[in-house]
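Coordinate inspection notes
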Amino acid sequence: MAKKDYYEVLGVSKSATDAEIKKAYRSLAKKYHPDVNKEDGAEAKFKEVQEAYDVLSDSQKRGTYDQFGHAAFDQNGGAGGFSGGFDDFGDIFSSFFGGGGQSRNPNAPQQGQDRFMSMKIDFMESIFGAEKTVQLNVDEECHTCHGSGAHSKDDIKTCARCGGTGQTVTQQRTPFGTFQSQTVCPDCGGKGKTITKKCSECHGKGYNTKKVNVDIKIPAGIVTGQQLRVAGKGDRGINGGPHGDLFIEIIVGTHKHFRREGNDIHIQVPLSVIDATLGTEIDVPTAYGDVKLTVPAGTQPNTKFRLREKGVKDLRTGRLGDQYVEVKLEVPTKLSRAEREQYEELREVKGDSVFDRFKKAFK
């Protein structure tokens, strides 16, 4: 299968600046990283993005690619092993996960990972805003040991196996030479310290899991797919690092009569043929209460009327949208004898029917 154009992979033009290329890469790398995106094909897409950035972020490689395309790298088995991309991705991983990736210093504080959840609200709550309360299991620092996990500070010792580095190094001799590998210390779990006597409250964990109520303020005008961020309500940090954040995706329920388009609200109202012909006044439901609407004589089917500032508040500007009222004419299916006689008299008075005038236009 032919490879996609690298510029197309990153979604940038061929004249894109280095800053634009880097910005596009960071966004796509966050989106498709296998630790974040579990959908089929996400990992392949991530590798494709990585490969494209490796070439386009290097001025020499980019110039060669612009001149010869993918063929310039085929002999080398691709784009050179993605060297440039991985150098930059460490920073991206850290910024997205809040330190969730491996740190150069295993004992340094690391922010916990973010949490994600969805919340369904009804249509009117999205119009006016609402306050909700959610219950979460949160790991809070142990108040007895202040997060150390030890009975006292004297019970915290430097790990004897790794010497406080949190890592152990092993060497293996092979016919091809000596290979060295670095792994997390099995004694201290990468913390660099061991506890001789654990805290009686948290049993050495340094935290206690509690159920807490979190108040969520939903702004007026929110739409399905938008997210709310609650700082510090994500997973606990490591080595005393801060908690991650909680992100709540909002799902807005449908309404029986109202339909939202952007910041405007649409509604269909039934109207009799008589009222449309003679004109009338009706009380139209809006999210803010009934509004009197004058329907002029001779109103045609599907006519739309505009009620200013009866729509939804814009999240950024605070301006209100409008409400559009569409007239749906209702033709009676059953008539009383008196009603039928009146319609017959009306037909005689009008003479030619609408259809008769339509047919005459063809003669």
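These remarks concern the structure in this document. This is a predicted model, so every value here is computed, not measured. (Residues numbered from 1 in each chain as written. Predicted model: local features only at pLDDT ≥ 70, side-chain atom pairs only at ≥ 80, totals over all residues. Heavy atoms only, no water.)

Attention now goes to the packing of helix 2 (residues 18-32) against helix 3 (residues 42-56). The contact between helix 2 and helix 3 brings their axes to 9 Å, and the two run at 160 degrees. As far as their axial angle goes, helix 3 and helix 2 are roughly antiparallel. The crossing of helix 2 and helix 3 is left-handed. Contacts from Ile21, Lys22, Tyr25, Leu28, Ala29 and Tyr32 of helix 2 reach helix 3 at Ala42, Lys45, Phe46, Val49, Gln50, Tyr53 and Leu56. For the contact of helix 2 with helix 3, the class distribution of residues is 10 nonpolar, 1 polar and 2 charged. (Axes fitted to C-alpha atoms, helices over the stretch in contact; angles between N-to-C directions. Helix = DSSP H or I, 4+ residues; strand = E, 2+ residues; numbered from the N terminus. Parallel < 35°, antiparallel > 145°, perpendicular 65-115°, else oblique. Left-handed = near helix turned anticlockwise from the far one by under 90°. Contact = heavy atoms within 4.5 Å. Nonpolar A, V, L, I, M, F, W, Y, C, P; charged D, E, K, R; others polar.)

Applying the stated rule across the entire model yields 6 aromatic pairs. Between the aromatic rings of Tyr6 and Tyr65, the centroid separation amounts to 4.7 Å while the plane-to-plane angle is 35 degrees, which identifies the pairing as tilted. Pair noted here: Tyr6 is in helix 1 (residues 6-10) and Tyr65 is in helix 4 (residues 59-68), with a separation of 59 residues, a long-range link. Accessibility assignment for this pair places Tyr6 and Tyr65 in one class, buried. Ring plane angle 20 degrees and centroid distance 5.6 Å describe the contact between Phe116 and Phe247, whose orientation is recorded as stacked. In this pair, Phe116 is assigned in strand 1 (residues 115-121) and Phe247 in strand 9 (residues 246-252), connecting sequence segments 131 residues apart. We classify Phe247 as buried; its relative accessible area is 19%. One aromatic cluster is present, built from ring pairs that chain together Tyr6, Tyr7 and Tyr65. (Phe/Tyr/Trp six-rings, centres within 6.5 Å; stacked < 30°, edge-to-face > 60°. Buried < 20%, exposed > 50% of the residue type's maximum accessible area, 1.4 Å probe, protein only.)

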